[in-house]
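Residue-level structure breakdown
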Amino acid sequence: MTPINIKENNQAYKLLGGNYPNKVLDEDPFEIYHQDVIYFLNKLSKELLKNNQLLTNLKEFRGFGFWIRKANLLKLKTSRRDINFRVGRGVTLHIAPSNIAANILYTFAFGILSGCPSIIRISQKNTEDITSVLNLINEIMKLKEFKKLSKKYSFISYSHESDISSNLSSKVDARIIWGGNKTIQLFKSIKTCSHCIDLVFPDKVSSSILSLDWLINSEKVELQKKADLYARDIGLFSQMACSSPSTLILLKESKIKNENLLLEFFRKCDSSLSNKEWLNESHSYSNFQSSVEISMQFPNLNCFFKGKNLSVFEANKNQFKDFKNFKPKDCCLFIFEVDSINEIINFLPRNNQTIVCIGLKEDIKEKLAKKAMLCGTNRLVNPGNALNMDIFWDGYDIVTFLSKFISLN
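The structure reproduced in this document is the subject of the present report.

What counts, and at which threshold
- Residues numbered from 1 in each chain as written.
- Predicted model: local features only at pLDDT ≥ 70, side-chain atom pairs only at ≥ 80, totals over all residues.
- Heavy atoms only, no water.
- Helix = DSSP H or I, 4+ residues; strand = E, 2+ residues; numbered from the N terminus.
- Rg over C-alpha atoms; globule rule 2.2 N^0.38 Å.
- Buried < 20%, exposed > 50% of the residue type's maximum accessible area, 1.4 Å probe, protein only.
- Contact = heavy atoms within 4.5 Å.
- Areas by Shrake-Rupley, 256 points an atom, 1.4 Å probe, with all protein chains shown as cover.
- Lys, Arg positive; Asp, Glu negative; His and termini not counted.
- Charge placed at Lys NZ, Arg CZ, Asp CG, Glu CD.
- Patch = residues over 30% accessible without salt bridge, like charges linked within 9 Å, V, L, I, M, F, W, Y side chains within 5 Å.
- Salt bridge = Lys/Arg side-chain N within 4 Å of Asp/Glu carboxyl O.
- 1 Å grid on protein atoms, 1.4 Å probe; cavity = no way out; pocket = protein on both sides within 12 Å on 5 of 7 lines; lining within 4 Å.
- Points joined across faces, edges and corners; volume = space filled by probe spheres on them.
- Pairing = 2+ DSSP bridges.
- Axes fitted to C-alpha atoms, helices over the stretch in contact; angles between N-to-C directions.
- Expected span 1.5 Å × (residues − 1).
- Phe/Tyr/Trp six-rings, centres within 6.5 Å; stacked < 30°, edge-to-face > 60°.
- Lys NZ or Arg CZ within 6 Å of the ring centre and 35° of its normal.

**Concerning the overall build of the chain**
Helix and strand counts for the chain come out as 17 helices and 18 strands. Taking 409 residues into account, the globule formula puts the C-alpha radius of gyration at 22 Å, and the chain, at 23 Å, falls close to it. Referenced to the eigenvectors of the C-alpha coordinate spread, the extents of the chain come out at roughly 65 × 55 × 40 Å. Taking all 409 residues of the chain together, the buried fraction comes to 53%. Of all intrachain contacts in the chain linking residues separated by at least 6 positions in sequence, the fraction that spans at least 24 positions is 74%. Counting only carbon and sulfur atoms, one obtains 48% of the accessible surface of the chain, whose full area is about 19300 Å². Between the averaged position of the 55 positive side-chain charges in the chain and that of its 42 negative side-chain charges there is a distance of 3 Å.

**Thoughts on a nonpolar patch on the surface**
Judged by side-chain polarity, Phe85, Phe405, Ile406 and Leu408 come together as a nonpolar surface patch covering roughly 400 Å² of accessible area. Mapped onto the secondary structure, Ile406 falls in the segment after β18 (403-405).

**Points about empty space enclosed by the protein**
Counted by the stated rule, this structure contains two cavities of 30 Å³ or more. Put simply, the largest cavity is a space of about 90 Å³. Forming the boundary of the largest cavity are 13 residues, of which Val205, Ser246, Thr247, Lys324 and Pro349 lie nearest the centre. Breaking the lining of the largest cavity down by element, the ones donating at least two residues are β9 (205-211), β10 (245-251) and α14 (320-323).

**Thoughts on the pattern of salt bridges**
Within the structure shown, the criterion is met by 14 salt bridges. With a shortest N-O distance of 2.9 Å, Lys142 and Glu139 are connected by a salt bridge. The exposure class of Glu139 is partly exposed, given its relative accessible area of 44%. Across the salt bridge formed by Glu362 and Lys365, the nearest N and O atoms sit 3.5 Å from each other. You can see Glu362 and its partner Lys365 sitting in helix α16 (residues 362-372), three residues apart, about one turn around the helix. Salt bridges linked by common partners bring Arg80, Asp82, Arg86 and Asp397 together as one network.

**Side note on the sheet that holds strand β12 (residues 311-314)**
Pairing is mixed across the open sheet formed by seven strands, whose spatial order is β11-β12-β13-β10-β9-β14-β15. The open sheet has two edge strands with one neighbour each: β11 (302-306) and β15 (379-381). Across the sheet, the mean angle from the axis of one strand to that of its neighbour is 25 degrees, orientation sign disregarded. Here β9 runs beside β10; their pairing, made up of six bridges, is parallel. Considered in β10, the bridge of Leu210 is made with Leu250. In the packing of helix α11 (residues 220-235) onto the sheet, the strands contacted are β9, β10, β13 (332-338) and β14 (352-358), and the crossing angle to β10 comes to about 145 degrees.

**A look at helix α2 (residues 35-49)**
With 15 residues, α2 extends 21 Å between its outermost C-alpha atoms, agreeing within 8% with the 21 Å of an ideal straight helix rising 1.5 Å per residue. Those residues of α2 that fall on the buried side of the exposure criterion are Val37, Ile38, Phe40, Leu41, Asn42, Leu44, Ser45 and Leu48.

**Considerations on the packing of aromatic side chains**
What the rule picks out here adds up to 27 aromatic pairs. Centre to centre, the rings of Phe323 and Phe336 are 6.3 Å apart; their planes meet at 55 degrees, and the pair counts as tilted. Taken together, the residues span a long stretch of sequence, with Phe323 in helix α14 and Phe336 in strand β13 at a distance of 13 residues. Side by side, Phe323 and Phe336 carry an identical accessibility label, which is buried. Chaining the aromatic ring pairs together yields one cluster made of Phe298, Phe320, Phe323, Phe326, Phe334, Phe336 and Phe347. Across the ring face of Tyr158, the terminal group of Arg121 is positioned such that the distance to the ring centre comes to 4.9 Å.

Shown next, in the form of structure tokens:
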């Protein structure tokens, strides 16, 4: 559909897809993982993944297309034991993230999988990136089997200064607020109805840990594989995603250290980035600019490695406090050594979301998980998985949060 400019009660917004928001407000919730929702998302997956032209321009949507496949959604559905006793909490307002356009689609999917009629507010700077996918959604929703579902969502865009957020917030049953601390505080100041609940995603940072023992003992093939996967974690969104690591903690389990192997690991990461089709053509220049900014702001840090697309700065543990609140971008990393798992905990910020574990043994990873989750961390993942969105995010089971349980006694 062509975006429609609408003005109601002196409030202007643009309808990008779906139903009118005031009509979505009148829609009833429905069961979680409804068969129509799964059928629709699976059809969207097929259409999205075969659209080579769209994916060439918007490669980040490929992961979403894989995630909404029927097989994955049925796996999530069948893993629950309360499927017949949960329905959506009610109409949900989504303040979609603006840093990564694909996450607009994830929050939409989270809403309807949770049985919630959903109004998704899209930042005006994202409308160009998302329009082609919204058109695809709108075309699928024209099919008669999706007549009911097509009434239960609305994609809209309006300016920050608009009173629409206040108006909608006063009427919805739940809100999902992406976009960081400032956005969350803004929406917390808005009056809501008494039963409205908020699911918020504040500013987060992420870390990674590399076992130096693994680095010394790993085969070349394994080293290349891990370097290639880690390059995806730090490069796909130029570290704009909260789950993309900005620090690499070197776990020194023995007295042996081989700087040449560490340099080789970074060389492989850098080479892998150069071969990624999704890497922006100007990325090497952006990386250079960002590395210069870091060198100027932290002149005491040593530039351990400078490649075409990757810059690595070495610090000692005492310098961590200087850069712990600094979030690098464009594939720049801070590295430093620790001697034990217990010591790692001291270098995980309270708002740390994800830890990418490179070469850690399973027992060490489990020990780290038990300690890290008490300090705020929500995810431990293997290389290559840092950016994989899921229904479990930031410590929430989103479907459980956005639905209500009907008890029978």
